[in-house]
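Descriptive structure summary
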Amino acid sequence: MNKFFYVITIQYLGYRFHGWQKQPNLKTLHLMVDRTLNFILEGKTFKSLSSGRTDAMVSAECAAFELFLYEPIEDQEAFLKLFNHNLPQDIRALTIQEVDAKFNIINHSKIKEYLYLFTFGEKCHPFCAPIMTTILDDLDIELMKQGARLFEGEHYFKSYCFKPTDNGLYNREILTCELVENDLYSANYFPEKSYLLRVRGKGFMRNQIRLMMGTLIDLGKGKLTLETISKSLEQDCFIKMEYIAPASGLILNNIEFL
């Protein structure tokens, strides 16, 4: 039988979901996507495969999954409209594109960009909670900006992997790591100032960006130094970083297939 392959990009608010991957008795993004596909495809055989997992409460401006079918989608625009009509309101499909059998969404070379949205120094409106982390302590933002730049380039990131093993691949390259004032997201209940950590790279380990963000927060609090971060990135060095930043501030912003 012939197979047909499609890449669908989606965005979602992850706050009420237990991540992407299906898990018994838990509401996950993959579960809701597959339930919707099963309904609109009227029980026809299909398979969906994500470009990568996101943790519980992590959101996405642009994530992607591959859809495998045994019949072609004749009208992609109508399919996308029907898909969106039946998806829950916190998930939206953006685009659909047919690809060939050689394309593999997991192994295909890609660059991912993540954002981490946060503020500090005051208790925020509860509506901020789904996408913004609030640090009540004062933070040295200028020092944190310096710390973020230390992650750029090729480094040994074992200190930034959750429960690392002795045989992991920890030499990774970060293309961009910068901490800037937030000018992307706004709402009348947002604090006067908020900030974004922007990270771009080809591959990230479990909780890597949240550990990087947690390290920068501890730097901003004065619990760590720039020298500690530099040391943690040296070859074969492992320093246990204590703070994993909350998941709800993390946003998968874009996936670029190369």
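Above this note sits the structure.
Keep in mind that this is a model prediction, so the values were computed, not measured. (Residues numbered from 1 in each chain as written. Predicted model: local features only at pLDDT ≥ 70, side-chain atom pairs only at ≥ 80, totals over all residues. Heavy atoms only, no water.)

Attention now goes to the overall build of the protein chain. Within the protein chain one finds 5 helices and 10 strands. Whereas a compact globule of 258 residues would reach a radius of gyration of roughly 18 Å, the protein chain reaches 20 Å, a difference of no more than 12%. Taken along the three principal axes of its C-alpha coordinates, the protein chain extends 60 × 45 × 35 Å. Counting all 258 residues of the protein chain, 49% fall into the buried class. Long-range contacts, defined here as pairs at least 24 residues apart, represent 72% of the contacts in the protein chain between residues at least 6 apart. Summed over its atoms, the accessible surface of the protein chain is roughly 13600 Å², and 48% of this surface lies on carbon and sulfur atoms. Charge centroids of the protein chain, computed over 29 positive and 32 negative side chains, lie 6 Å from each other. (Helix = DSSP H or I, 4+ residues; strand = E, 2+ residues; numbered from the N terminus. Rg over C-alpha atoms; globule rule 2.2 N^0.38 Å. Buried < 20%, exposed > 50% of the residue type's maximum accessible area, 1.4 Å probe, protein only. Contact = heavy atoms within 4.5 Å. Areas by Shrake-Rupley, 256 points an atom, 1.4 Å probe, with all protein chains shown as cover. Lys, Arg positive; Asp, Glu negative; His and termini not counted. Charge placed at Lys NZ, Arg CZ, Asp CG, Glu CD.)

Applying the stated criterion across every chain, the model contains 12 salt bridges. Measuring nitrogen to oxygen at the nearest pair gives 2.3 Å for the salt bridge that ties Arg16 to Asp90. Remark: Asp90 occurs in the loop between helix 2 (76–86) and strand 4 (91–99) and Arg16 occurs in the loop between strand 1 (4–12) and helix 1 (29–40); sequence separation between them is 74 residues. Its relative accessible area of 38% is what places Arg16 among the partly exposed residues. On the accessibility criterion, Asp90 (14% relative accessible area) is buried. Across the pair Glu113 and Arg198 runs a salt bridge, and its minimum N-O distance is 3.9 Å. (Salt bridge = Lys/Arg side-chain N within 4 Å of Asp/Glu carboxyl O.)

Right, let's get into the packing of aromatic side chains. Using the criterion set out here, one finds 14 aromatic pairs in the structure. The interplanar angle of 70 degrees and the centroid separation of 5.5 Å between the aromatic rings of Phe103 and Phe257 together place this pair among those described as edge-to-face. A residue pair is termed long-range when its members are at least 10 positions apart, and Phe103 in the loop between strand 4 and strand 5 (110–120) and Phe257 in strand 10 (residues 250–257) qualify at 154 residues. Phe103 sits in the buried class, given a relative accessible area of 13%. Where Phe151 meets Phe157, the ring centres are 6.5 Å apart and the plane angle is 25 degrees; that geometry is what we call stacked. For Phe151, a relative accessible area of 0% puts it in the buried group. A relative accessible area of 0% means that Phe157 is categorised as buried. Aromatic ring contacts, followed pair by pair, group Trp20, Phe65, Phe79 and Phe83 into a single cluster. The residue whose ring lies beneath Lys158 is Phe238, and the NZ or CZ to ring-centre distance is 5.7 Å. The lysine or arginine in question, Lys221, covers the ring of Tyr243, its NZ or CZ lying 5.7 Å from the ring centre. (Phe/Tyr/Trp six-rings, centres within 6.5 Å; stacked < 30°, edge-to-face > 60°. Lys NZ or Arg CZ within 6 Å of the ring centre and 35° of its normal.)

Take the packing of helix 1 against helix 2 next. The geometry of helix 1 relative to helix 2 is characterised by a closest axis approach of 10 Å and an angle of 125 degrees between their N-to-C directions. It follows from the interaxial angle that helix 1 and helix 2 lie oblique. You can see that helix 1 and helix 2 cross each other, and the crossing is right-handed. Taken together, the residues of helix 2 that come into contact with helix 1 (itself represented by Val33, Thr36, Leu37, Phe39 and Ile40) are Phe79, Leu82, Phe83 and Asn86. Considering only residue class, the contact of helix 1 with helix 2 consists of 7 nonpolar, 2 polar and no charged. (Axes fitted to C-alpha atoms, helices over the stretch in contact; angles between N-to-C directions. Parallel < 35°, antiparallel > 145°, perpendicular 65-115°, else oblique. Left-handed = near helix turned anticlockwise from the far one by under 90°. Nonpolar A, V, L, I, M, F, W, Y, C, P; charged D, E, K, R; others polar.)

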